[in-house]
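As a plain string of letters, each chain reads:
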Amino acid sequence: MNMEHSDGENDYMHQEDDWDRDLLLDPAWEKQQRKTFAAWCNSHLRKVGTQIENIEEDFRDGLKLMLLLEVISGERLAKPERGKMRVHKISNVNKALGFIASKGVKLVSIGAEEIVDGNAKMTLGMIWTIILRFAIQDISVEETSAKEGLLLWCQRKTAPYKNVNIQNFHISWKDGLGFCALIHRHRPELIDYGKLRKDDPMTNLNTAFDVAEKYLDIPKMLDAEDIVGTARPDEKAIMTYVSSFYHAFSGAQKAETAANRICKVLAVNQENEQLMEDYEKLASDLLEWIRCTIPWLENRAPENTMQAMQQKLEDFRDYRRLHKPPKVQEKCQLEINFNTLQTKLRLSNRPAFMPSEGKMVSDINNAWGNLEGAEKGYEEWLLNEIRRLERLDHLAAKFRQKAAIHEAWTEGKEELLQKSDYETASLSEIKALLKKHEAFESDLAAHQDRVEQIAAIAQELNELDYYDSPSVNARCQRICDEWDSLGALTQKRSEALQRTEKLLETIDQLYLEFAKRAAPFNNWMEGAMEDLQDTFIVHTIEEIQGLSTAHDQFKATLPEADKERQAILGIHNEIAKIVQTYHVNMAGTNPYTTINPQEINAKWEKVFQLVPQRDQALIEEHARQQNNERLRRQFANQANVIGPWIQTKMEEICRISIEMHGTLEDQLTHLRQYEKSICNYKPKIDQLEGDHQLIQEALIFDNKHTKYTMEHIRVGWEQLLTTIARTINEIENQILTRDAKGITQEQLNEFRASFNHFDRKRSGIMDAEDFKTCLISVGYNLGENEFPRIMSIVDPNRMGIVTFQAFVDFMSHETADTDTADQVVASFKVLAGDKNYILADELRRELPPDQAEYCIARMAPYTGPDAVPGALDYMSFSTALYGESDL
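Computed from a predicted model, the values in this text were never measured in an experiment.

The next subject is the overall build of the protein chain. Broken down by element type, the protein chain carries 29 helices and nine strands. By the compact-globule yardstick of 29 Å for 887 residues, the protein chain is too spread out, its C-alpha radius of gyration being 73 Å. Considered along the principal axes of its C-alpha atoms, the protein chain spans approximately 170 × 155 × 55 Å. Looking at the protein chain as a whole, 41% of its 887 residues are labelled buried. At a minimum sequence separation of 6, the contacts of the protein chain that also span at least 24 residues come to 71%. Accessible surface, the protein chain as shown: approximately 49,600 Å² in total, 51% of it carbon and sulfur. Taken as two groups, the 106 positive and 144 negative side-chain charges of the protein chain have centres that lie 8 Å from each other.

Here the focus is the state of the cysteines. Taken as a whole, this structure holds zero disulfides when the rule is applied. Free of any disulfide, Cys480 has its nearest cysteine sulfur in Cys476, 4.4 Å distant.

Two orientations exist for strands paired in a sheet by backbone hydrogen bonds: parallel and antiparallel. Reading across the sheet, the three strands line up as E7-E9-E8 and stay open at both edges, with antiparallel pairing between neighbours. Two strands close off the open sheet at either side, each with one partner strand: strand E7 (838-839) and strand E8 (860-861). Summarising the sheet, E8 and strand E9 (residues 871-873) pair through two bridges and their orientation is antiparallel. Its bridge partner lying in E9, Ala860 is registered against Asp873.

On to the side chain of Asp226. Inspection of the secondary structure assignment puts Asp226 in helix H10 (residues 224-228). A relative accessible area of 14% places Asp226 in the buried class.

For the coordinates displayed, the defined rule picks out 46 salt bridges. Note that Lys35 is salt-bridged to Asp223, the shortest N-O span being 1.9 Å. With Lys35 in helix H1 (residues 27-45) and Asp223 in the loop between helix H9 (201-215) and H10, this residue pair connects regions lying 188 residues apart in the sequence. Under the relative-accessibility criterion, Lys35 is labelled partly exposed at 30%. Overall, the relative accessible area of 19% leaves Asp223 in the buried class. When salt bridges that share partners are traced, they join Arg320, Lys324, Glu372, Glu375 and Glu379 into one network.

Relative to the assigned elements, Ala528 resides in helix H16 (residues 469-533). On the accessibility criterion, Ala528 (5% relative accessible area) is buried. Counting along the chain gives 75 residues from Ala528 to Lys603, while the straight-line C-alpha distance between them is 9.9 Å.

Another aspect to go through is the nonpolar core. Judged by nonpolar contacts, the single largest core of 79 residues is most densely connected at Ile130 and Phe179. With eleven residues, helix H6 (residues 120-136) is the single largest residue contributor to this core. Setting aside residues no more than four positions away along its own chain, Ile130 makes contact with Trp40, Leu65, Leu69, Ile72, Ile100 and Ala135. By size, the runner-up hydrophobic cluster in this structure holds 50 residues, among which are Leu631, Trp645, Tyr674 and Met710.

A few words now on the packing of helix H15 (residues 427-463) against H16. Contact pair H15 / H16: the axes reach a minimum separation of 9 Å and the direction vectors enclose 165 degrees. Between H15 and H16, the angle falls in the class roughly antiparallel. H15 and H16 meet at a crossing whose hand is left-handed. Tallied by class, residues from the contact of H15 with H16 come to 18 nonpolar, eleven polar and six charged.

As enumerated under the stated definition, the model contains 31 aromatic pairs in all. Above the ring of Trp409, the side-chain terminus of Lys413 is found at 4.9 Å from the ring centroid. Looking at Lys835, its charged tip hangs above the ring of Tyr837, at a distance of 5.8 Å from the centre.

Each value, and the rule that gives it
Residues numbered from 1 in each chain as written. Predicted model: local features only at pLDDT ≥ 70, side-chain atom pairs only at ≥ 80, totals over all residues. Heavy atoms only, no water. Helix = DSSP H or I, 4+ residues; strand = E, 2+ residues; numbered from the N terminus. Rg over C-alpha atoms; globule rule 2.2 N^0.38 Å. Buried < 20%, exposed > 50% of the residue type's maximum accessible area, 1.4 Å probe, protein only. Contact = heavy atoms within 4.5 Å. Areas by Shrake-Rupley, 256 points an atom, 1.4 Å probe, with all protein chains shown as cover. Lys, Arg positive; Asp, Glu negative; His and termini not counted. Charge placed at Lys NZ, Arg CZ, Asp CG, Glu CD. Disulfide = S-S within 2.5 Å. Pairing = 2+ DSSP bridges. Salt bridge = Lys/Arg side-chain N within 4 Å of Asp/Glu carboxyl O. Core = buried A, V, L, I, M, F, W, Y, C linked by side-chain atoms within 4.5 Å. Axes fitted to C-alpha atoms, helices over the stretch in contact; angles between N-to-C directions. Parallel < 35°, antiparallel > 145°, perpendicular 65-115°, else oblique. Left-handed = near helix turned anticlockwise from the far one by under 90°. Nonpolar A, V, L, I, M, F, W, Y, C, P; charged D, E, K, R; others polar. Phe/Tyr/Trp six-rings, centres within 6.5 Å; stacked < 30°, edge-to-face > 60°. Lys NZ or Arg CZ within 6 Å of the ring centre and 35° of its normal.

Structure (structure tokens):
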């Protein structure tokens, strides 16, 4: 039989979606299912006084099938057909199947005809579907349901038991311990689990089945022999039987829960009654305490002494601090208990609590309000009484305090006001004394209020008949008399300070004017002395003339400076006159400057002594500069002739080296004659050196009469000698090259013409670009690496230039080297004979020793197939000498 569930609600037995009909063919399983399913059905049918004997026969008419569904679902099905005909039976079975389908179970391949025909497989499949839907589907344990929920429930219940490991609904139950563990877990008194043995499954199973049937009202649905004798007991039979345990024990648990609920209700009721008794007692005690406390607070009997009133106040504070707080807590707890009790009664559907008459919360609040009213009145009375007694004590203490403060302030003030410290004070000190006196006057005015307060307090004490009024009055009179005396002394000292300030301000203004005029005049004199004594360094006659002019201008200002000096000394004399006239006691010197008249006069005398000394020094320097000017002109006259002469000769030599007049020998003769004429000019150079030495000794560093220095002349002379020598050497090298290479005069002239044409700067040298252009013009095919190779030959020092001699050497080398290299190779072949190599001993025998060693050192070992020890490659000598590109 195949079963499919229509939606997610029926996923409780997904593994049962496909009913394997072939499994029912197993006789052992079919037997177990027949007995188990029949027992399960009878456990429900007996509730309505009926049962079945044969599962496939007794359900054929559909009547007991409908009755079974009504019992297990608690619902009424459609009225069954009572006829005996086949059509009536099919109708009843269809009603039963329709009811099953209405519970969300879709039946596939199960038809009413098969049930009516007594098909055992279909009938068992239908009963299993009913068991799944009504006995197993609703099982839920920890978010799992149906089969998984039932299995988890078994695992949880049997977990503490040894030798029990429930993992499925077949072989895990074969030893019977699982059934015994379930019973013992819920009804431990029914089975002595400790005596059971895993190796005695028959005893275990029969014990469990018998106990379950006798004490738990679970019919015996299985046979121990069938389970033990089957390798794998039928899973559906086991599940059906185990689900009966689940429902039996869950029903017992519900009963236990009901009993617990009753106990809980009784406990809540007892707790509420206790709360009622506690409220009544607490309310009575609190009201009695309030009744006893209010008369004490209403007692207003006054006391005559402050100490007695203070004791009453302390008693009241003890009441507030010690006696009342616990009662406040009791009142609060009383209200909390009352509210809690009412809430509990309301939640348990009990009538509200009504306290005894006069003990309602409102009654307690009213009594508490009366208590606080009495308490407030008593406190106000206490404070007023204390204030009344404190007033007199406070006034007397205040009088003594203010009088003591005033007397302490006036102590020593009369002696201070009578001091004559201003007579020897400076202006700044006088101003400080005035500021201090003004501050004292402000302080004095501020204390006027305190004196008036002292008098007012004394008056009030007299009006209140203070017992010690005579002593208060006498002390007040002394204070007033002393106050009048301080006022008179303050006015007198103020006038004396102001008079002294005016005199000192006049002197201070004169001091300031003296300082303002003396400081710049003193600086002028110090600057003048510094300038007059300053060591001057001049290099020209114009500079010394400028110094002389400035000195004459300075001497012209001396009369006006003397007038300023007399005026400054006059200010000092006026100060001395004021001090003498008004008998001012000067405590110090001028505060604005450290300059005094004696210092001014001393510096003035020093200036007058330095002026003639400066005159003499300027005269001597003027004479020295005149002599220096003569030396400059003498050197310049010679340098202006020699410098151009050297330049002219340099140009002539360059022209001779470039021009092509006559043969090389004629040019060489002409240059040597030219060299001799240049050497004859040497005495004039020596004479100029002598004049230059005189200039250096006179420390002359510039000469505006010429642009030539001795260094320029020396460098030019050395360049001239070097150039004529180099030019002669070039001509000699050209003659050697011509003779060695067999170059004609016409070829040399062509080389010179080409070089001069591309020497665009006419400097006697070509740069790299000009040389490259020249080579291209004469027909050279310059590849990527060819020109750098040529430059390495003509410019080995990598200076980027090509001289005419290098140009000639290269051009002659290019026309003659091929024949020379071939000749060298041919010569070695003659010495070697018919061999491709040559031996070192052959070279030493045919050549001079030094030349033989020279060749051996430059030959590489021969490595050909016919090589012998000591064989040398003579071709490598030609390569080392002429390069690979030449061969």
